[in-house]
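# Structure at a glance
Listed below are the residues making up each chain.
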Amino acid sequence: MRIHPSEDGGPGLGLCSEADVVTLVETFYLRVRQDDLLGPFFEARVRDWAAHHSLLVAFWSSLLRGTRRFHGAPVSCHLGMAGLTEAMFLRWLALFRQTTADCGNQAMRREADAAALRMANHFWQRYQARRMPACAPAPLPVD
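Residues numbered from 1 in each chain as written. Predicted model: local features only at pLDDT ≥ 70, side-chain atom pairs only at ≥ 80, totals over all residues. Heavy atoms only, no water.

## Quick word on the nonpolar core
This is how it is decided: Residues grouped as a nonpolar core are buried Ala, Val, Leu, Ile, Met, Phe, Trp, Tyr and Cys residues, joined through side-chain atoms within 4.5 Å. Burial status follows relative accessibility: with a 1.4 Å probe on protein chains alone, a residue under 20% of its type maximum counts as buried, one over 50% as exposed, and anything between as partly exposed. In DSSP terms, a helix is any run of H or I states spanning at least four residues, a strand is any run of E spanning at least two, and both are numbered starting from the N terminus.
Grouped together as the largest cluster of nonpolar side chains are 38 residues, with contacts concentrated most on Tyr 29, Phe 42, Trp 60, Leu 64 and Trp 92. At the level of elements, helix H1 (18-34), helix H2 (38-45), helix H3 (49-65), helix H5 (86-102) and helix H6 (106-131) are the ones that each hand at least two residues to this core. For this core, the leading source of residues is H6, giving 8 residues.

## Comments concerning the pattern of salt bridges
To keep things clear, this is the line we draw: When a carboxyl oxygen of Asp or Glu lies within 4 Å of a side-chain nitrogen of Lys or Arg, that pair is called a salt bridge.
Inspection of the entire model under this criterion finds 6 salt bridges. Arg 69 serves as the salt-bridge partner of Glu 18, at 2.5 Å between the closest nitrogen and oxygen. One end of the pair, Glu 18, is in helix H1; the other, Arg 69, is in the loop between H3 and helix H4 (74-78), with 51 residues separating them in the sequence. Look at Glu 18 and you get partly exposed, because its relative accessible area is 23%.

## Some remarks on H3
Rules: To estimate the expected span of a helix, subtract one from its residue number and multiply by 1.5 Å. Polar contacts here mean pairs of N or O atoms no more than 3.5 Å apart (in protein, one a potential hydrogen donor and the other a potential acceptor; neighbouring residues in sequence count only if both atoms are side-chain atoms).
Relative to the 24 Å expected for 17 residues at 1.5 Å per residue, H3 spans 23 Å between its end C-alpha atoms, a close match to the ideal helical length. Here H3 has its buried residues at Trp 49, His 52, Leu 56, Val 57, Ala 58, Phe 59, Trp 60, Ser 61, Ser 62, Leu 64 and Arg 65. Sitting at the head of H3, Asp 48 places a side-chain oxygen 3.2 Å from the backbone nitrogen of Ala 50. A positive backbone phi angle near 70° is found at Gly 66, which sits one or two residues after H3.

## Digging into unusual backbone geometry
For Arg 68, which is not glycine, the phi dihedral falls at a positive 60°. Here Arg 68 shows up in the loop between H3 and H4.

## Re the packing of H1 against H2
In plain terms, the rule: Fitting a line to C-alpha atoms yields each axis, with helices limited to the stretch in contact; the angle taken between N-to-C directions then spans 0 to 180 degrees. Note that the term roughly parallel is reserved for angles under 35 degrees, roughly antiparallel for angles over 145, roughly perpendicular for angles of 65 to 115, and oblique for everything else. Whether two residues are in contact is decided by their heavy atoms: any pair within 4.5 Å suffices. Classes in brief: Ala, Val, Leu, Ile, Met, Phe, Trp, Tyr, Cys and Pro nonpolar; Asp, Glu, Lys and Arg charged; the others, Gly included, polar.
In the contact formed by H1 and H2, the axes pass within 5 Å of each other and the chain directions differ by 105°. In terms of orientation, H1 and H2 fall into the roughly perpendicular class. Within the contact between the two elements, H1 uses Tyr 29, Val 32 and Arg 33 and H2 uses Leu 38, Gly 39, Phe 42 and Glu 43. For the contact of H1 with H2, the residue count by class is 4 nonpolar, 1 polar and 2 charged.

The structure is reproduced here in structure tokens:
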């Protein structure tokens, strides 16, 4: 585990604090839950927000701080969800970027935004491959 961020500003305990991760997750998922497109989708599927929140904090702490607290397969456990659309992924990314822009930690913002984009693209392409096997999966059209 890295104690300090790498020279390129990558994950490590010095990139951000655990409190920063908690704030990121709380702020982002509050926005998701209030969003007209994403809110109903998440509310229909997340039964225990406190437990989900703890899992998300562990996930983002692992990604951003290198804590290795998260154990699981987030993409595979979400692939079975019906009704996901490209618009949902793009909205999720937009809300995430809005949240990281508000966080005040530019190094964390760069790392988190890059990780979110990689995850969203990976997830979206695997989702397409599973739901539409005759079509070649396309990446999300983001800048």
